[in-house]
Amino acid sequence: DGVVPVILTSALDSVHGPWDAAEWCRRVCDRHGTQRVKFSHRRSDLPQGKVQHVDAPLQMFLSEVVSGTHEANSLYMGEHLLEPDEQKDVLQRLPGVLQEDLFRESFPPELSVPALC
């Protein structure tokens, strides 16, 4: 209805055991934390619908996310950041149909869509 948010809990728990999101994020940050990423930051002092574009290390983005609120939040979409083993950690926990690369046949190789998109 657009009024009540939907929050999925334990969505990546599977036969592989419970998903330890904090541990996975720590490993990604250890590996990629200094890599520069471009993300959008929304603040209440910006005009409605406007965002600030930021180029900073991944660690800075993650600290923004942790301290984020409804009024001030950050968004980063970087499907190419994760290495194959990090992608596999997530993909193997998804239901079977979501593990399939459903975009492979729909897009030419030069416009390929990452598996976790």
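Residues numbered from 1 in each chain as written. Predicted model: local features only at pLDDT ≥ 70, side-chain atom pairs only at ≥ 80, totals over all residues. Heavy atoms only, no water.

On to the nonpolar core, then. By size, the foremost hydrophobic cluster in this structure holds twelve residues: L12, W24, V28, V37, F39, V54, A56, L58, F61, L81, L82 and V90. Discounting chain neighbours no more than four positions away, the residues touching L58 are V28, H32, G33, Q35, V37, Y76 and L81. (Core = buried A, V, L, I, M, F, W, Y, C linked by side-chain atoms within 4.5 Å. Buried < 20%, exposed > 50% of the residue type's maximum accessible area, 1.4 Å probe, protein only. Contact = heavy atoms within 4.5 Å.)

Further remarks concern the pairing of strand β1 (residues 36-42). Every regular strand shows the same layout, with side chains that alternate between the two sheet faces. Residues of β1 alternate between two faces, with V37, F39 and H41 buried on one and R36, K38, S40 and R42 left unburied on the opposite face. As defined by bridge partners, β1 adjoins strand β2 (residues 52-57) across six bridges and the pair is classed as antiparallel. For R36, the partnering residue across the bridge sits in β2 and is P57. Relative to strand β3 (residues 73-75), β1 is paired through three bridges, and the arrangement is antiparallel. Along β3, the bridge assignment pairs S40 with L75. (Helix = DSSP H or I, 4+ residues; strand = E, 2+ residues; numbered from the N terminus. Pairing = 2+ DSSP bridges.)

Moving on to the side chain of S74. Along the chain, S74 falls in strand β3. There is a polar contact of 2.7 Å between the side chain of S74 and the side chain of H41. (Polar contact = N/O pair within 3.5 Å; in protein donor to acceptor, adjacent residues only side chain to side chain.)

Next up on the list: helix α1 (residues 21-32). Over its twelve residues, α1 extends 16 Å from the first C-alpha to the last, a length consistent with the 16 Å expected when each residue adds 1.5 Å. Among the residues of α1, those classed as buried are W24, V28, C29 and H32. Buried residues in α1, looked at end-on, bunch into an arc of 135°, giving them a common side. Opposite the buried face of α1, by more than 90 degrees, sit the exposed residues A22 and D30. The inward-facing, buried residues of α1 contact α2 (58-66) and α3 (84-91). (Expected span 1.5 Å × (residues − 1). Arc of directions from axis to C-beta.)

Everything listed here is a matter of coordinates, which is why it stays silent on function.
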